[in-house]
Amino acid sequence: MEEKLRVLEEMEDTIRTIGVLTSGGDAPGMNAAIRAVVRTALSKGLRVRGIRRGYHGLLREEIIDLSARDVSDTIQRGGTILQTARCHSMRSPEGQQKAAAICKKYGIDALVVIGGDGSFAGAQKLAELGVRVIGLPGTIDLDIACTDYTIGFDTAVNTAMEAIDKVRDTSTSHERCSIIEVMGRGAGYLALWCGIANGAERILMPEEKDDYDEQELIKDIMANKKRGKKNYIIINAEGVGDTINMAKRIEEATGIETRATILGHMQRGGSPTCKDRVYASIMGAMAVELLVQGKTNRVVGYRNGQFVDYDMNEALSMKKEIPQEQYDIAKVLAL
């Protein structure tokens, strides 16, 4: 009898079906991660179910079976083949309980969630309700504290860098000041990296929004003009915003033609870079391996040159700040 109970318990713990969803903002490389989850799981004899439109689709039972063929010819595509959406209902206990019940209804023994902190918060609640979950960091903002890399950042920053190079060309031709807004509502990593990579004269980030002095910026633009500089590039993060009005104020104060360029959602799209394809693939495969090993409520990350995993509660409690030394270097190089 005891042996029979032990076998039954082991059967309950065995993973037969893995669900996968993408949540929050899309990011290049998400398809590589989905593909890796599907093919790694299938190689182990597991079934995979894709959930369309993130948690929103889960609550609406938009659930499909995924085969190896379904993820063929997807690794080079931007966005997410499963689509994504925001879901306010997952913030409520009722929504969370419904989501857990739907996972049980469709025989989803474990769930791989690809997204940012908000997506992980939803996964954390499902874990508390008995759903086995693994989180993969998918966000172009690079703002997840437990990892040095997030799926999509490398592609997004390269897309922005190339666009800013083009703006500088025309800005130099017309001897203009250009304010270029990159994405990043609450994190300035895209702005910082572009500022360094594009040789910007000034970087404005949400982390220092309260310290921003527009009059000092105007004085610096005028000083550069007197030194014979033919353009002035300002990288402005979305979280600072007001780019169009800022350009008008600077032009009025300096007399220098000033143009605003908002790169917007073009930064989310495009074919992922090699790094985003490879790292996302490794992370997707690792998520399945962790589940097969019996691990749950984990976040896969990349730290100090190694792919690692963290307890999700620990990961969500971590704080991430802009490296001051990198910002200081950007200021020195802009002189």
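Treat the numbers as computed from the prediction; the structure is a model and nothing was measured.

*Asks:* How do you make sense of the pattern of salt bridges when you look at a structure like this?
*Replies:* Opposite charge on two side chains allows them to pair when their charged atoms are near. Per the counting criterion, the structure on display carries 18 salt bridges. Across the pair E62 and R60 runs a salt bridge whose closest N-O atoms are separated by 3.0 Å. Looking at R60, the relative accessible area reads 55%, which means it is exposed. Between K229 and E201 there is a salt bridge, with the nearest N and O atoms lying 3.1 Å from each other.

*Asks:* Is there a simple way to think about the packing of helix α6 (residues 153–173) against helix α7 (residues 189–197) in this case?
*Replies:* To characterise two packed helices, one gives the angle between the axes of the helices and the distance between these axes. The interhelical angle for the contact between α6 and α7, taken along N-to-C directions, is 45°, at an axis separation of 10 Å. The angle between the axes of α6 and α7 places the two elements in the oblique class. Judged by the sense of rotation from one axis to the other, the crossing of α6 with α7 is right-handed. Of α7, the residues touching α6 (which contributes F153, A156, V157, A160, M161 and I164) are Y189, L190, W193, C194 and A197. Residues that form the contact of α6 with α7 fall into these classes: eleven nonpolar, no polar and no charged.

*Asks:* Before we go on, may I ask you to explain the confidence of the model for the chain in this structure?
*Replies:* Of all residues in the chain, 96% attain a pLDDT of 70 or more, and the chain-wide mean is 93. Of the regions scoring below 50 in pLDDT, residues 4–11 engages in one contact with residues more than four places distant in sequence or in other chains.

*Asks:* Where do I start with the pairing of strand β4 (residues 110–115) in this structure?
*Replies:* Two faces belong to every sheet, and in a regular strand the side chains alternate between them. With six of six residues buried, β4 is to be regarded as a mostly interior element. Alternating positions in β4 separate into two faces, A110, V112 and I114 on one and L111, V113 and G115 on the other, with burial throughout. Across five bridges, strand β1 (residues 17–22) lies against β4 in parallel orientation. Bridge pairing in β4 links I18 to A110. Across six bridges, β4 lies against strand β5 (residues 132–137) in parallel orientation. Across the sheet, residue A110 finds its bridge partner in β5, namely R132. In this region the chain leaves β4, passes through helix α5 (residues 117–128) and returns to the parallel neighbour β5; the handedness of that crossover is right-handed.

*Asks:* Is there a simple way to explain the sheet that holds strand β9 (residues 258–262) in this structure?
*Replies:* Hydrogen bonds between backbone atoms are what pair the strands of a sheet, whose relative direction is either parallel or antiparallel. Strand order in the open sheet made by the four strands is β7-β8-β6-β9, with parallel pairing throughout. Unpaired on one side and paired on the other, β7 (202–204) and β9 mark the two borders of the sheet. Pairwise comparison of adjacent strand axes, ignoring direction, gives a mean angle of 15° for this sheet. Bridge count between β7 and strand β8 (residues 232–237): three bridges; the pairing is parallel. Its bridge partner being in β8, I203 is matched across the sheet by I235. Set on the sheet, helix α8 (residues 214–226) makes contact with β6 (177–182), β7 and β8; between it and β8 the angle comes to about 155°.

*Asks:* Quick question: what am I supposed to make of the sheet that holds β1 here?
*Replies:* The seven strands lie next to each other as β3-β2-β1-β4-β5-β10-β11, forming an open sheet whose pairing is mixed. Whereas interior strands pair on both sides, the edge strands pair on one side only; in this sheet they are β3 (63–65) and β11 (306–311). Strand-to-strand twist in this sheet, taken as the mean axis angle between neighbours without regard to direction, amounts to 25°. As judged from the six bridges shared by strand β10 (residues 298–303) and β11, these two strands associate in the antiparallel manner. Following the sheet pairing, V299 is matched in β11 by Y310.

The rules we used
Residues numbered from 1 in each chain as written. Predicted model: local features only at pLDDT ≥ 70, side-chain atom pairs only at ≥ 80, totals over all residues. Heavy atoms only, no water. Salt bridge = Lys/Arg side-chain N within 4 Å of Asp/Glu carboxyl O. Buried < 20%, exposed > 50% of the residue type's maximum accessible area, 1.4 Å probe, protein only. Axes fitted to C-alpha atoms, helices over the stretch in contact; angles between N-to-C directions. Helix = DSSP H or I, 4+ residues; strand = E, 2+ residues; numbered from the N terminus. Parallel < 35°, antiparallel > 145°, perpendicular 65-115°, else oblique. Left-handed = near helix turned anticlockwise from the far one by under 90°. Contact = heavy atoms within 4.5 Å. Nonpolar A, V, L, I, M, F, W, Y, C, P; charged D, E, K, R; others polar. pLDDT = per-residue confidence, 0-100. Pairing = 2+ DSSP bridges. Right-handed = clockwise from strand over helix to strand, strands pointing away.

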